[in-house]
Amino acid sequence: SQQGEEDPQALSIQEGENATMNCSYKTSINNLQWYRQNSGRGLVHLILIRSNEREKHSGRLRVTLDTSKKSSSLLITASRAADTASYFCATDSSGGFKTIFGAGTRLFVKA
Amino acid sequence: DSGVTQTPKHLITATGQRVTLRCSPRSGDLSVYWYQQSLDQGLQFLIQYYNGEERAKGNILERFSAQQFPDLHSELNLSSLELGDSALYFCASSPGTSGGRAETQYFGPGTRLLVL
């Protein structure tokens, strides 16, 4: 079974709205990462948050981490059509040497 | 452009055959990761190398093997191919400043393998 699982599986919003995606995981982690993938292309790293951090910002992205609930959320503010992609959370396991990706959230932003 | 290159971009082969996928990491990166992405299995971690040594193993089949060479490029060998091996295979690299522990990874464009 996967370490990280995203929710929802798919999300459709209008341009300008905010998009929130959630990730839950099962075991303790050193860090959690979010990646974006445009259809059929390689993943692009968005942000990394360490287990001792609670919130991190990067441009229009805001990531939170709640280690007590073993969950994280990714908020994209003022979404654009170009944000249409799949978003994955990734957690480390096996002492930090293995990266486990969730199934992803497919975000569709309508212009 | 992530700086990670993968060849070939596309590969079409028949069941039972063997193929080799090649990855060149970003300049200076010591860690290389291999992933398989299929429609029904999502993105599966296969294996990680750090400075030539295997560091972590995921859901890699015995028919698959990989290695990282002294110049840090890596190859993923897939043998006795089956229809179900059709997928996108990604290579990623990272600096390795954490001694091989999970850190920001930079993904290549992938190799799309089709087994007929």
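As the structure is a prediction and not an experimental result, all values here were calculated from the model.

Observations concerning the pairing of strand S7 (residues 61-66) of chain A
All names here are of chain A.
Next, step 1: Pairing between strand S6 (residues 55-58) and S7: 4 bridges, direction antiparallel. Bridging from a neighbouring strand, His 57 pairs with Arg 62 of S7.
Next, step 2: The antiparallel hairpin formed by S6 and S7 contains 2 residues in its connecting segment, where Gly 59 sits at a positive phi of about 60 degrees.
Next, step 3: By the bridge criterion, 6 bridges tie S7 to strand S8 (residues 71-76) in an arrangement that is antiparallel. Looking at the pairing, Arg 62 lines up with Leu 75 of S8.
Next, step 4: The hairpin formed by S7 and S8 contains 4 residues between the paired strands, and Lys 70 there has a positive phi angle of roughly 50 degrees.

Re the environment of Tyr89(B)
Residue and element names in this part refer to chain B.
Next, step 1: The topology assignment puts Tyr 89 in strand S9 (residues 87-94).
Next, step 2: When its relative accessible area of 0% is taken as the criterion, Tyr 89 is described as buried.
Next, step 3: Taking the C-alpha atoms as reference points, Tyr 89 and Gln 6, 83 residues apart in sequence, are found 9.3 Å from one another.
Next, step 4: Here Tyr 89 is in contact with Gln 6, Leu 21, Tyr 35, Gln 36, Leu 46, Phe 64, Leu 76, Leu 78, Gly 110, Thr 111 and Leu 113, once residues within four sequence places are set aside.

A short note on the pattern of salt bridges
All names here are of chain B.
Next, step 1: A complete count under the given rule lists 7 salt bridges over all chains for this structure.
Next, step 2: For the salt bridge of Asp 29 with Arg 26, the shortest nitrogen-to-oxygen distance reads 2.8 Å.
Next, step 3: What makes Arg 26 partly exposed here is its relative accessible area of 23%.
Next, step 4: One salt bridge connects Asp 85 with Arg 63, and the closest N-O pair in it is separated by 2.8 Å. Here the residue Asp 85 occupies a position in the loop between strand S8 (74-78) and S9, and Arg 63 occupies one in the loop between strand S6 (53-57) and strand S7 (64-68), the gap between them amounting to 22 residues.
Next, step 5: Overlapping salt bridges, with partners in common, bring together Arg 63, Glu 82 and Asp 85 in one network.

Quick notes on the layout of surface pockets
Next, step 1: Empty space within the largest pocket amounts to approximately 920 Å³.
Next, step 2: Residue lining of the largest pocket: 34 residues in total, with Gln37(B), Ser38(B), Leu39(B), Asp40(B) and Gly42(B) positioned closest to the centre.
Next, step 3: Put simply, the parts of the chain that give the lining of the largest pocket at least two residues each are strand S9 (85-93) and strand S11 (105-110) of chain A together with strand S4 (31-38), strand S5 (42-50), S9 and strand S11 (111-115) of chain B.
Next, step 4: For the lining of the largest pocket, the class distribution of residues is 12 nonpolar, 18 polar and 4 charged.
Next, step 5: Estimates place the volume of the second largest pocket at around 190 Å³.
Next, step 6: A per-class count over the lining of the second largest pocket returns 5 nonpolar, 3 polar and 2 charged.

Conventions adopted
- Residues numbered from 1 in each chain as written.
- Chains lettered and ligands numbered in written order.
- Predicted model: local features only at pLDDT ≥ 70, side-chain atom pairs only at ≥ 80, totals over all residues.
- Heavy atoms only, no water.
- Pairing = 2+ DSSP bridges.
- Helix = DSSP H or I, 4+ residues; strand = E, 2+ residues; numbered from the N terminus.
- Buried < 20%, exposed > 50% of the residue type's maximum accessible area, 1.4 Å probe, protein only.
- Contact = heavy atoms within 4.5 Å.
- Salt bridge = Lys/Arg side-chain N within 4 Å of Asp/Glu carboxyl O.
- 1 Å grid on protein atoms, 1.4 Å probe; cavity = no way out; pocket = protein on both sides within 12 Å on 5 of 7 lines; lining within 4 Å.
- Points joined across faces, edges and corners; volume = space filled by probe spheres on them.
- Nonpolar A, V, L, I, M, F, W, Y, C, P; charged D, E, K, R; others polar.

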